[in-house]
Amino acid sequence: MIETSVLIAGGGPVGLTLAMDLAWRGIDVTVVEQRRAGEPPNVKCNQISARSMEILRRIGVAQKMRAAGLPADYSNDVVSATTVTGIELARLSIPSRGERQAGVKGVDSWWPTPEPSHRINQIYLEPVLFAHAKLQPRIRILNRTTFEDYEQDEHGVTVTTSDLDSNEKNSVVCSYLVGCEGGKSAIRKMIGGNFVGTSEVQRVQSTYIHAPALIGLLPGKPAWLYFSLNPRRCGTTIAIDGKENWNIHNSLYHGETEFDSVDRDWAIREILGVGPDFHYEVISKEDWIARRLVADKFRDRRVFICGDAAHLWIPNAGYGMNAGIADAADLSWMIAATLDGWAGPAVLDAYEAERQPITEQVSHFTTNIAHKVTKQRREVPAEVEWPGACRRRHARSHRQRGA
Ligand SMILES: Cc1cc2nc3c(=O)[nH]c(=O)nc-3n(C[C@H](O)[C@H](O)[C@H](O)COP(=O)(O)OP(=O)(O)OC[C@H]3O[C@@H](n4cnc5c(N)ncnc54)[C@H](O)[C@@H]3O)c2cc1C
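All residue numbers refer to positions counted from 1 along the written sequence of the respective chain. Where local features are concerned, this predicted model is filtered to residues with pLDDT of at least 70; where side-chain atom pairs are given and counted, the filter is 80 or more; whole-chain, interface and lining totals use all residues.

**Student:** Teacher, can you tell me more about the overall build of the protein here?
**Tutor:** Helix and strand assignments follow DSSP, with helices taken as H or I runs no shorter than four residues and strands as E runs no shorter than two, numbered in order from the N terminus. Across its full length, the protein holds 11 helices and 18 strands. By the compact-globule yardstick of 22 Å for 403 residues, the protein fits well, its C-alpha radius of gyration being 23 Å. With the C-alpha coordinates aligned to their principal axes, the bounding extent of the protein is approximately 70 × 45 × 40 Å. As a rule, residues whose C-beta atom has 12 or fewer other C-beta atoms within 10 Å are exposed, those with 20 or more are buried, and those in between are partly exposed; C-beta atoms are placed from the backbone. In the protein, buried positions account for 41% of the 403 residues. Considering only intrachain contacts with a sequence separation of at least 6, the fraction spanning at least 24 residues in the protein is 73%. A radius of gyration in this sense is built from C-alpha atoms; the matching globule rule multiplies 2.2 Å by the number of residues raised to 0.38. What counts as a contact is two residues whose backbone-derived C-beta atoms lie within 7 Å of each other.

Structure representation (structure tokens):
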């Protein structure tokens, strides 16, 4: 039997950040995670917000995080183009991490933060968090271990865990249990919480590809993210390693009700703007449904939920993990204050009161962006690809602005 102040179920980005924040406040923590030590997740999140980077700075991992991700000299720009290799329509210039260090300014340089946002995919981000958490003496991480069940009374929580290799069941006694086990969270259901919202906003075919030749076909300065806008197939392409690996999101249009309504290879070639001879390999693929769901309950007495366990929405604008990290930072000080005795347990009521309304608000904000983008995709005119159309449009909008 293990005794610990806080047990965290799930060692994804939210669970690990919560563990490190609690440890930084002097609280001993145990994390149970079903994956192997350091096993990377799927290729998902690509952006750590400035606020999350500030939290990572406080717990001492911001520098290591900033040293990982895209190469130091790889552009962080966001580009709208007819295709990834086609006509560039608009560009947001955002300094690479090397340029930031050298003082180069971009559209976000006025933000009042010591830690600007950082481009890094989750496959690189999580191993950095894991390695740092592993070094903390107050954190115990049990990999290949699943959360199974719990019972609570006024004194604490007794949790049953299972070792995936030996099938042995174990008990963990703790003061508080936090469910950070992602969207399928069992703990959300056990506290009597339900996801409320829209169960399907959009279907997305995501394909992670190895395409070493693509970077040589880019017509201008490379970008971190490309929005392809053309009348055949719109989509999003993200640079993962800044060299040869890319993730392509093909959001299905209205009326394309099944994942196989659209030929994956055809869509990828139209989004990239490459012909049938262009060679790429699929590293992994995922067909997923974007939702807008927020739990109607974030807590039952000594048991809480954080991150995707409490809310799920479409990744437009990059808020999913970042909102989860904000949940963790909020809950951490309240639990630490209660355990240290400088706040009464009533302070814990603030967690749901603060995080439920704000995440509900973000869920609508991101979904509205997704609806706008979907509408615009259907309205892209053929003229966008006419030679010179882009130059003429820029000149017209300059004239209209009186420039
Ligand atoms: C295509 C895509 C792009 C995205 N882009 C962004 C972005 O740019 N910015 C952003 O902020 N967010 C983004 N997100 C969302 C982001 O990936 C998630 O919000 C984030 O992973 C949530 O972290 P989490 O720790 O709450 O949950 P998860 O990452 O799901 O981690 C949960 C962990 O719990 C473990 N687990 C599950 N059940 C158990 C159990 N019973 N016992 C033990 N362990 C268990 C799992 O193995 C996993 O490690 C994106 C998502 C997608 C799909």
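Next comes the rest of the description.
**Student:** Just to check I follow, could you spell out helix α2 (residues 50-58) for this structure?
**Tutor:** Owing to its 3.6 residues per turn, the α-helix aligns residues three or four sequence positions apart on the same side. Within α2 the residues assigned to the buried category are S52, M53, I55 and L56. Looking down the long axis of α2, one finds its buried residues gathered within 155° of arc, a one-sided arrangement. Elements that come into contact with the buried residues of α2 comprise α1 (13-24), β3 (47-48), α3 (62-66), β6 (118-119) and α9 (320-340). Positive phi shows up at G60, right after α2, with a value of about 85°. Directions pointing from the helix axis toward each C-beta atom define the arc.

**Student:** Sorry, what's going on with helix α10 (residues 349-378) here?
**Tutor:** Residue count minus one, scaled by 1.5 Å, sets the expected span of a helix. Taking 1.5 Å of rise per residue, 30 residues should cover 44 Å, and α10 covers 45 Å from first to last C-alpha, within 8% of that figure. Three or more residues of α10 are buried, namely Y351, R355, T359, V362, S363, T366 and T367.

**Student:** Would you mind showing me how to read the packing of α1 against α9 here?
**Tutor:** Helices that pack against each other are described as a pair by the angle of their axes relative to one another and the distance between those axes. The geometry of α1 relative to α9 is characterised by a closest axis approach of 9 Å and an angle of 30° between their N-to-C directions. Between α1 and α9, the interaxial angle falls into the category roughly parallel. Crossing hand, α1 versus α9: right-handed. Each of P13, V14, T17, L18, D21 and L22 in α1 lies in contact with α9, whose residues at this interface are M321, G324, I325, D327, A328, A329, L331, S332, I335 and A336. Polarity classes work like this: nonpolar for Ala, Val, Leu, Ile, Met, Phe, Trp, Tyr, Cys and Pro, charged for Asp, Glu, Lys and Arg, and polar for all others, with Gly in that last group. Looking at the contact of α1 with α9 residue by residue, the classes come out as 11 nonpolar, 3 polar and 2 charged. Lines fitted to C-alpha atoms define the axes here, with helix axes fitted over just the stretch in contact, and angles between the N-to-C directions of these axes take values from 0 to 180 degrees. Should an angle fall under 35 degrees it is taken as roughly parallel, and over 145 as roughly antiparallel, whereas 65 to 115 is taken as roughly perpendicular and any remaining angle as oblique. For a crossing to be left-handed, the near helix must be turned anticlockwise from the far one by less than a right angle; the clockwise case is right-handed.

**Student:** Please explain the sheet that holds strand β11 (residues 195-210) as it appears in this structure.
**Tutor:** Working definition: the strands of a sheet are paired by backbone hydrogen bonds and lie parallel or antiparallel to each other. Across the sheet, 8 strands lie side by side as β5-β4-β12-β13-β14-β11-β15-β18; this open sheet has mixed pairing. In the strand order of this sheet, the two ends are held by β5 (88-92) and β18 (311-312), each with one partner. Together, β11, β14 (245-251), β15 (281-295) and β18 form the strand contacts of α10, whose direction differs from that of β15 by roughly 125°. Think of it this way: DSSP has to see at least two bridges between two strands before they count as a pair.

**Student:** Please clarify how the packing of α1 against helix α5 (residues 122-134) should be interpreted in this entry.
**Tutor:** At a closest axis distance of 10 Å, the pairing of α1 and α5 adopts a crossing angle of 25°. With respect to α5, the axis of α1 lies roughly parallel. Crossing of α1 over α5 shows left-handed handedness. Residues P13, L16, T17, A19 and M20 of α1 touch α5, and the partners they reach there are Q122, L125, E126, L129, F130, H132 and A133. The class makeup of the residues in the contact of α1 with α5 is 8 nonpolar, 3 polar and 1 charged.

**Student:** What is the right way to read the site of the ligand from this model?
**Tutor:** To decide nearness, the C-beta atom of each residue is placed from the backbone, and the residue is near a molecule or strand if that atom lies within 6 Å of it. Around the ligand, a shell composed of 33 residues is seen, among which G10, G12, G182, G307 and G320 lie nearest. For the shell around the ligand, the elements supplying multiple residues, two or more each, are α1, β2 (29-33), β8 (145-152) and α9. The greatest single-element share of the shell around the ligand, amounting to 4 residues, is contributed by α9.

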